[in-house]
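Descriptive analysis of the structure
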Amino acid sequence: MPKRVGMEVSIGIAEAVKLCDVDVISAYPITPQTHIVEHLSELVANGELDAEFIPVESEHTAISVGAGASATGARVYTATSSQGLALMHEILFIVSSMRLPIVMTVANRALSAPINIWNDHSDIMAERDIGWIQTFAINGQEAYDLTFHAFRVAEDEKVQLPVVVNIDGFTLSHVIEPIELVEKELVDKYLPPRKPILTLHPDNPVTMGPVGIPEVYTEARKQLEVALMDSKEVVVKAWQEFKKIFGREYHPIETYKTKDAELIFVTMGSITETAMLAVDKLREKGEKVGLVYIRLWRPFPHEEFYNAIKKAKILAVLDRAISYGTNSGPVYTEIRSSLFDKKKKPYVQGFVAGLGGRDIPTERFFEMIEIARSAAEKGECPQYIHLDVKED
Amino acid sequence: MRVSALIPKYPEPETYMGHTHYCPGCGHATLHKLLGEVVDELGIRKRVIMIEPVGCSVLALKYLKFDGIQGPHGRAPAIATAVKRLRPESIVITYQGDGDLAAIGTNEIIHAANRGELFTVVFVNNAVYGMTGGQMAPTTLLGQKSTTTPTGRFAEFCGYPLRVCELLNTLDAPVYLERVSLFDVEHILKTRAALKKALLNQIEGRGFSLVEVLSNCPTNWKMTPEESWEFVKNEMTKVFPLGVFRDK
């Protein structure tokens, strides 16, 4: 029987990284990512993990070290949050374009200013177009499991792309959750050693990321887009394989009580479990509501998403970030765009809530359902409603 | 009558509002107070614009009655450069820790110093990343334990403690570089004098001044405040010798 233990989620992730036999960990501390990297440094210091631990002077350097390490063929892990992810920005595109399969946990946190260390999705939403595969965990077990999955997908011969696993800062990273730990032998079965296609080695010289003149640049970028879109198949297969070996099942889009649902909430990350409670309470009152949560954010699973929501009349999309200047949140924009060509589609109402650690209680979902219904009846409403804003 | 009523009350500087969030025994509050005293003495409070950093002193502007702006991590010298050039009549101070100035912002401080920007830097070196929970900083001593060097810092993997005053002393432009500490009254008074000198350099238009203050971190060093000041006095000063490196 697998062992189920109470463990801080950050520690769980570090233990998962250990089981993946990473070669290089390069990081700079930023709240709330710190516990993951601290625990990894302990594992290296204890001799439990034979890896190069490189505590550098900034996130910009951390991801650059990661790029260099991955180019030599190493298995590379890093973690960051918020401003740290933003500081990595320029390198993130380089890593995906060079097809370097780095795995990074992002403990999602708000962006400055004002400085705020608490949770929302502003950091990763600003990086949604970096060409990385991006998944979201809703609880500690998922954060743990998605780490193995990330390495497996990233290093797949057909993929060769970096992966971000998103976990909500504090609400996931710092809480103690029951985590079913996996056996090393099973991890070895699931995740073979990395077999890089191209590496830096004088015996077999290559040139990575040289100047791309207009005659080749378009093709290089197109190649990245095709690789990312095509990676979905591998992402799904890797979850199927995960189920065979570890018994837990994951899909790009997950549903909760959506069978007869007329109104469906759409969420990402740990707020999903609160949304489940809200759905349960609403169901008790006889409301036909359900929940869809997005686990695979990039590449966006358009088909799976449509199949999950097509019977609903109303969608209430909860964003944890604002896409400034578009009058909406990024997830809402994505979904509206995804549904645009569909003949039969639900009314989509956007909401933004829970910025910078503001709590989202179940009552907020009751509010959402009222607003979304009345908007759908009238057929008009502001594109998105920012909930729980003090106006005076 | 309560005994406390018999103890003479020393006047608090007008600029310093006190009641800080810092851990018991931390040097930041002492340094804030010194800075407040010096600013009051020089009568420049209404001219000061302070750039506060990312790190434990992220709330410095809550305790010091200054005009101010929050600098992104390590970028205070860049912001200060602009503020001083566009408001030359103001007194511009950056207050930065070692995680901010000597790690993520090393390039900013070197280039601001090299351009000889006319602002004053208060650099607090406590050999650790305090705010994020005690990870190794570039200034961490060899052998010193931190949450990312649980068996101590080894030069082989993590290099050597970075000496900022010595590094900046290779540049032509800076006019004043001094390393001071807060481990006893004598050195606290020396720190006060250094802060005053650094601010006077700016008031009189001489050039770039930096005061490096060796401070403590009892929480992350896992010491009592007394032990931590002993560590500063006996260990840190061996690696980071006190004194004036530049005064021209």
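**Let's talk about helix α12 (residues 362-378) of chain A**
Since the α-helix advances by 3.6 residues per turn, residues separated by three or four positions end up pointing in the same direction. Residues and elements named next belong to chain A. Over its 17 residues, α12 extends 25 Å from the first C-alpha to the last, a length consistent with the 24 Å expected when each residue adds 1.5 Å. Among the structural elements, β10 (263-267), α9 (271-284), β11 (289-294), β13 (314-319) and β14 (347-352) are those in contact with the buried residues of α12. Looking one or two residues past α12, glycine 379 carries a phi angle of roughly 75 degrees, positive in sign.

**Considerations on the sheet that holds strand β7 (residues 163-168) of chain A**
Residues and elements named next belong to chain A. Taken in spatial order, the seven strands of this open sheet run β3-β2-β4-β5-β7-β6-β12, and their pairing is mixed. Each edge of the open sheet is held by one strand with a lone partner, namely β3 (52-55) and β12 (296-298). For this sheet, the mean angle separating the axes of adjacent strands, direction not counted, is 20 degrees. For strand β2 (residues 24-27) and strand β4 (residues 76-80), the ladder comprises two bridges, and the chain directions are parallel. Paired with valine 24 across the bridge in β4 is valine 76.

**Observations regarding the interface of chain B and chain A**
At the junction of the two partners, chain B supplies 19 residues and chain A supplies 18 residues. When the area that chain B buries against chain A is broken down by residue, the three leading residues are Ile104, Thr132 and Thr148 of chain B, summing to 32%. There are six residue pairs in polar contact (both at pLDDT 80 or more) connecting chain B and chain A. Those elements giving two or more residues to the side of chain B that touches chain A turn out to be α5 (98-104) and α7 (155-158) of chain B. Considering every element that reaches the side of chain B that touches chain A, the biggest residue donor is α5 of chain B, with three residues. Each residue belonging to the side of chain B that touches chain A can be placed in one class, and the counts come to nine nonpolar, nine polar and one charged.

**A few points about the sheet that holds β13 of chain A**
All names here are of chain A. Read from one edge of the open sheet, six strands run β9-β11-β10-β13-β14-β15, paired in mixed fashion. Only two strands of the sheet have a single partner each, and these edge strands are β9 (253-256) and β15 (384-386). On average, adjacent strands in this sheet sit at an angle of 20 degrees to one another, irrespective of strand direction. Sheet topology places β14 next to β15; three bridges connect them, and they run parallel. Residue pairing across strands places glycine 350 opposite tyrosine 384, the latter belonging to β15. Most of the contacts of α9 go to β11, to which it runs at about 170 degrees, and overall it touches β9, β10, β11 and β13.

**Here's the deal with the side chain of asparagine 201 of chain B**
Residues and elements named next belong to chain B. Summarising the element assignment, asparagine 201 is placed in helix α9 (residues 185-203). You can call asparagine 201 buried: its relative accessible area is 2%. At 2.5 Å, the side chain of asparagine 201 forms a polar contact with the side chain of arginine 206. The residues contacting asparagine 201, other than those within four sequence positions of it, are Leu118, Val175, Tyr176, Arg206, Gly207 and Ser209.

**Here's the deal with a nonpolar patch on the surface**
Residues and elements named next belong to chain A. A cluster of nonpolar side chains, contributed by Val211, Ile213 and Val216, occupies part of the molecular surface with about 290 Å² of accessible area. Note that valine 216 resides in helix α8 (residues 214-246). With relative accessibility at 43%, the residue valine 216 sits in the partly exposed group.

**Considerations on the domain arrangement of chain A**
Residue and element names in this part refer to chain A. If you check the domain split of chain A, you get domain 1 (3-246) and domain 2 (253-386). Relative placement of domain 1 and domain 2: their C-alpha centres are 28 Å apart. Taken together, the 29 residues of domain 1 in the interface contact 26 residues of domain 2. Buried surface at the junction of domain 1 and domain 2, both sides included, amounts to about 2200 Å², of which 58% is carbon and sulfur.

**Comments concerning the nonpolar core**
Residues and elements named next belong to chain A. Judged by nonpolar contacts, the single largest core of 56 residues is most densely connected at Leu40, Tyr77, Ile133 and Phe148. The greatest single-element share of this core, amounting to 10 residues, is contributed by α8. When sequence neighbours within four positions are dropped, the list of residues in contact with tyrosine 77 reads Ile13, Val17, Val22, Val24, Ile25, Ser26, Ile36, Leu40, Val103, Thr105 and Phe151.

**Describing a positive patch on the surface**
All names here are of chain A. Taken together, Lys259, Lys310, Lys311, Lys342 and Lys344 make up a surface patch of like positive charges. Mapped onto the elements, lysine 342 comes out in the loop between α11 (330-339) and β14. Look at lysine 342 and you get partly exposed, because its relative accessible area is 33%.

**Some thoughts on unusual backbone geometry**
When glycine is set aside, most residues are seen to have a negative phi, and most peptide bonds are trans. A cis amide bond, omega -10 degrees, links alanine 113 of chain A with the succeeding residue proline 114 of chain A. Mapped onto the elements of the fold, proline 114 of chain A is located in the loop between β5 (103-108) and α5 (122-125). A positive phi is found at asparagine 327 of chain A, a non-glycine position, where the angle reads about 60 degrees. Turning to its location among the elements, asparagine 327 of chain A is positioned in the loop between β13 and α11. One non-glycine residue, histidine 19 of chain B, lies in positive phi territory at about 50 degrees. Within the secondary structure, histidine 19 of chain B is located in the loop between α1 (3-6) and α2 (27-42). Look at histidine 19 of chain B and you get exposed, because its relative accessible area is 80%.

Analysis parameters
- Residues numbered from 1 in each chain as written.
- Chains lettered and ligands numbered in written order.
- Predicted model: local features only at pLDDT ≥ 70, side-chain atom pairs only at ≥ 80, totals over all residues.
- Heavy atoms only, no water.
- Helix = DSSP H or I, 4+ residues; strand = E, 2+ residues; numbered from the N terminus.
- Expected span 1.5 Å × (residues − 1).
- Contact = heavy atoms within 4.5 Å.
- Pairing = 2+ DSSP bridges.
- Axes fitted to C-alpha atoms, helices over the stretch in contact; angles between N-to-C directions.
- Buried area = accessible area lost by both parts, 1.4 Å probe.
- Polar contact = N/O pair within 3.5 Å; in protein donor to acceptor, adjacent residues only side chain to side chain.
- Nonpolar A, V, L, I, M, F, W, Y, C, P; charged D, E, K, R; others polar.
- Buried < 20%, exposed > 50% of the residue type's maximum accessible area, 1.4 Å probe, protein only.
- Patch = residues over 30% accessible without salt bridge, like charges linked within 9 Å, V, L, I, M, F, W, Y side chains within 5 Å.
- Areas by Shrake-Rupley, 256 points an atom, 1.4 Å probe, with all protein chains shown as cover.
- Salt bridge = Lys/Arg side-chain N within 4 Å of Asp/Glu carboxyl O.
- Domains from an automatic or database assignment.
- Core = buried A, V, L, I, M, F, W, Y, C linked by side-chain atoms within 4.5 Å.
- Lys, Arg positive; Asp, Glu negative; His and termini not counted.
- Charge placed at Lys NZ, Arg CZ, Asp CG, Glu CD.

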